[in-house]
Amino acid sequence: LKFAMRLVSIVRVLCWPKRCGVYRVELNWHCSEATTESQCSAPETKPKSPTSARLHKQVLSAGLRWLSDAEAVEAVKQNAKERGNDTDFDKLLRDGSDFARLRTEMLTLKYRRQVNSKSFHLQGKGEIIALKEERANLKQKTTEMLEKEEELLDGLLSVPNNTHPDVPIGGVEESKVVYTHGAKPEFNFSIRKHSEIGIQLDLIDCNSASNACGSGLYYLKGALAVLEVALIQYAMQKAMSKGFYPIITPDIVKHDVMEGCGFSPRGDKTHTYSLENRLQYLSGTAEMPLAGLFMDSCLPKKDLPLKVVAFGRCYRNETRGRGQPIKGIYRVNQFSKVELFAVTANETGRESSDMLEEILAIQKEINEELGFHYRVLDMASEELGLPAYRKYDIEVWMPGENMYGEVTSASNCTDFQSNRLWISYYRNMKKLVHTVNGTACAIPRTIVALLENYQQADGSILLPEVLHPFIWKETYRHIKPSDVKGLYQL
């Protein structure tokens, strides 16, 4: 008789008039008491790739560890303050505490549900209703926890890397000159800006590009089109002679890779170009797809360091720099660049620092062979961005603009990117690699420096001999006004 009564109770539940009983919650938690079977649907959530879920897990796990340590929190806050980072740490601490509480409550309810589900067939009608309410409460707690997790992640993703103890503290004016090469060139004639040279020799056309494509873009014509290819070949060959492996990268990266590299594709301050309705972006630097090349990999210790050089197009919605805007191609929204990237071990703590110096030495060699007067700056803390532990910039003297202009940078990101992208190596146990990157040659700015430093009194441009093997036409090595032919004069 008791068994028959239990069976009747179960049948009543299964034939509940509202057709969305307790057992349906197991199959589809988006159903509720007020919905009919036909209205039940899967929860509408933004799909996340496995990489994105793993990236968030990494950031969340590391963040919760230091958020629970008062001394670590103070150290992170001080570091962020020195770097000019505007993360709201009071909110971050509240979000961390709320998330931990909600996660504990959710896990408790989930455990009770699992225990009660094992004795489901022995429950009475009243107990089954209570179990149903408990599961609805679990759904609500899970939703609250996921919402709080997103808020917490937004805050944690804005926290910068640690800073090298020798980095100057403050803004760009505090950056320290650590090396200077050569002297400023002297001219016995009136010097011109690169934008004027480009127009006079019919080499640069920004107006047509603006009309056809938008602002911040340009056409390189004649000798400068050849010069861009020559600079790419020269920089690639130089890097390969130093043991870097050549790669051509895609120009599109996923959201996970960009965020993993420490570049925020969201917000009002972003400089990225996004593809509509897709979590993909035009790459701002080959550093992004190169980091993505090693994503989710465990490398053998014996193969490190891995050094690669890549040519790629860079897309950035650039704003004008400090001070007065510079006409021409100094700051543009699309440009070509040869990028150096390295993955090192972290056994002694010196591997990535040594690699940074190696990349800096290549940059110095390139600028010296091109005959530039330049200076190397150890960039101040507020100029490091999110991922860099230390960064060097090289600024070349540009006489037409009467200023030093940045042409390369080199950054040691330690394990900031590898932690997010899970790039590790194995020696008895898994350890995170360090990543280092640097510019071999940013084409437009190098062209600016060449035009302004190698202008002649007769209005011609005599390019340095180191580039001559890559320029197959004599009139493109020594660009004279008399030899310049426009597109319609050929």
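Quick caveat: nothing in here was measured; it's all calculated off a predicted structure. For every chain, the first residue of the written sequence is number 1, and numbering continues from 1 onward in sequence order. Totals for whole chains, interfaces and linings use all residues, but because this is a predicted model, local features are given only for residues with pLDDT of at least 70 and pairs of side-chain atoms are given and counted only at 80 or more. The side-chain values count all of the structure's non-hydrogen atoms but skip hydrogen atoms and water molecules.

## So, the environment of Ala-80
The following threshold applies: Secondary structure is summarised from DSSP: a helix means a run of H or I of at least four residues, a strand means a run of E of at least two, and numbering begins at the N terminus for each. What makes two residues a contact is simply this: any of their non-hydrogen atoms within 4.5 Å.
With respect to the helices, strands and loops of the structure, Ala-80 is situated in helix α4 (residues 70-82). Excluding residues that lie within four positions of it along the chain, Ala-80 makes contacts with Asn-85, Phe-89 and Pro-160.

## A short note on the sheet that holds strand β8 (residues 306-315)
Across a sheet, strands are paired by hydrogen bonds formed along the backbone, either parallel or antiparallel in direction. The condition is simple: We call two strands paired when DSSP finds no fewer than two bridges between them. Helix axes are fitted to C-alpha atoms over the stretch in contact, other axes to C-alpha atoms as well, and angles between N-to-C directions run from 0 to 180 degrees.
Spatially, the eight strands line up as an open sheet ordered β1-β10-β11-β12-β15-β9-β8-β4, and their pairing is mixed. Only two strands of the sheet have a single neighbouring strand rather than two, namely β1 (176-181) and β4 (245-248). Strand-to-strand twist across the sheet, computed as the mean angle between neighbouring axes with direction ignored, equals 25 degrees. Where β1 lies against strand β10 (residues 374-378), five bridges are found, and the strand directions are antiparallel. Bridging from a neighbouring strand, Val-177 pairs with Leu-377 of β10. On top of the sheet, helix α9 (residues 223-241) reaches β4, β8, β9 (334-344) and β15 (434-442); it is set at about 160 degrees to β8, its chief contact.

## Details of helix α12 (residues 351-369)
An α-helical turn contains 3.6 residues, so a residue and the one three or four places further along point in the same direction. Heads up, the rule is: One less than the residue count of a helix, multiplied by 1.5 Å, gives the span that helix is expected to have. Classification of residues uses two cut-offs on accessible area relative to the type maximum, computed with a 1.4 Å probe and protein chains only: under 20% is buried, over 50% is exposed, and between them is partly exposed.
The end-to-end C-alpha distance of α12 is 27 Å, a good match for the 27 Å that 19 residues give at a rise of 1.5 Å each. For α12, the full list of buried residues reads Ser-352, Ser-353, Met-355, Leu-356, Ile-359, Leu-360, Ile-362, Gln-363, Ile-366 and Asn-367. Following α12 by one or two positions, Gly-371 has its phi on the positive side, about 80 degrees.

## Some thoughts on the nonpolar core
Filter applied, for reference: The criterion is simple. A nonpolar core is a set of buried Ala, Val, Leu, Ile, Met, Phe, Trp, Tyr and Cys residues joined through side-chain atoms within 4.5 Å.
Counting residues in hydrophobic clusters, the biggest one holds 61 residues, and the most contacted among them are Leu-227 and Ile-447. Per-element accounting of this core gives the leading share, 11 residues, to α9.

## Regarding the environment of Ala-388
Tracing the backbone through its elements, the reader meets Ala-388 in the loop between β10 and β11 (390-398). Note: C-alpha distance between Ala-388 and Thr-163 (225 residues apart in sequence) is 7.7 Å. Other than its neighbours up to four places away in sequence, Ala-388 contacts Arg-83, Asn-161, Asn-162, Ser-411, Asn-412 and Cys-413.

## Overview of the confidence of the model for the protein chain
Applied cut-off: Confidence of the predictor in every single residue is expressed as pLDDT, which spans 0 to 100.
This prediction gives the protein chain a mean pLDDT of 83; 81% of its residues lie at or above 70. Of the regions scoring below 50 in pLDDT, residues 13-51 engages in 43 contacts with residues more than four places distant in sequence or in other chains.

## Concerning α4
Definition in use: What the arc describes is the spread of directions from the helix axis to the C-beta atoms.
For α4, built from 13 residues, the straight-helix expectation of 18 Å at 1.5 Å per residue is met to within 8% by its first-to-last C-alpha distance of 19 Å. Within α4, the full set of buried residues consists of Val-73, Val-76, Asn-79 and Ala-80. An end-on view of α4 places all buried positions within 130 degrees of arc, on one side of the element. Seen from the buried face of α4, the exposed residues on the opposite side, beyond 90 degrees, are Ala-70, Glu-71 and Lys-81.

## Re the packing of aromatic side chains
The following threshold applies: Aromatic contacts are taken between Phe, Tyr and Trp rings whose centres are within 6.5 Å, Trp giving its six-membered ring; a plane angle under 30 degrees counts as stacked, one over 60 as edge-to-face, and the others as tilted.
Throughout the structure, instances matching the rule amount to six aromatic pairs. A centroid spacing of 5.5 Å and a plane angle of 80 degrees characterise the contact between Phe-187 and Phe-189, whose relative ring orientation is edge-to-face. By relative accessible area, Phe-187 is classed as partly exposed at 24%. Looking at Phe-189, the relative accessible area reads 23%, which means it is partly exposed.

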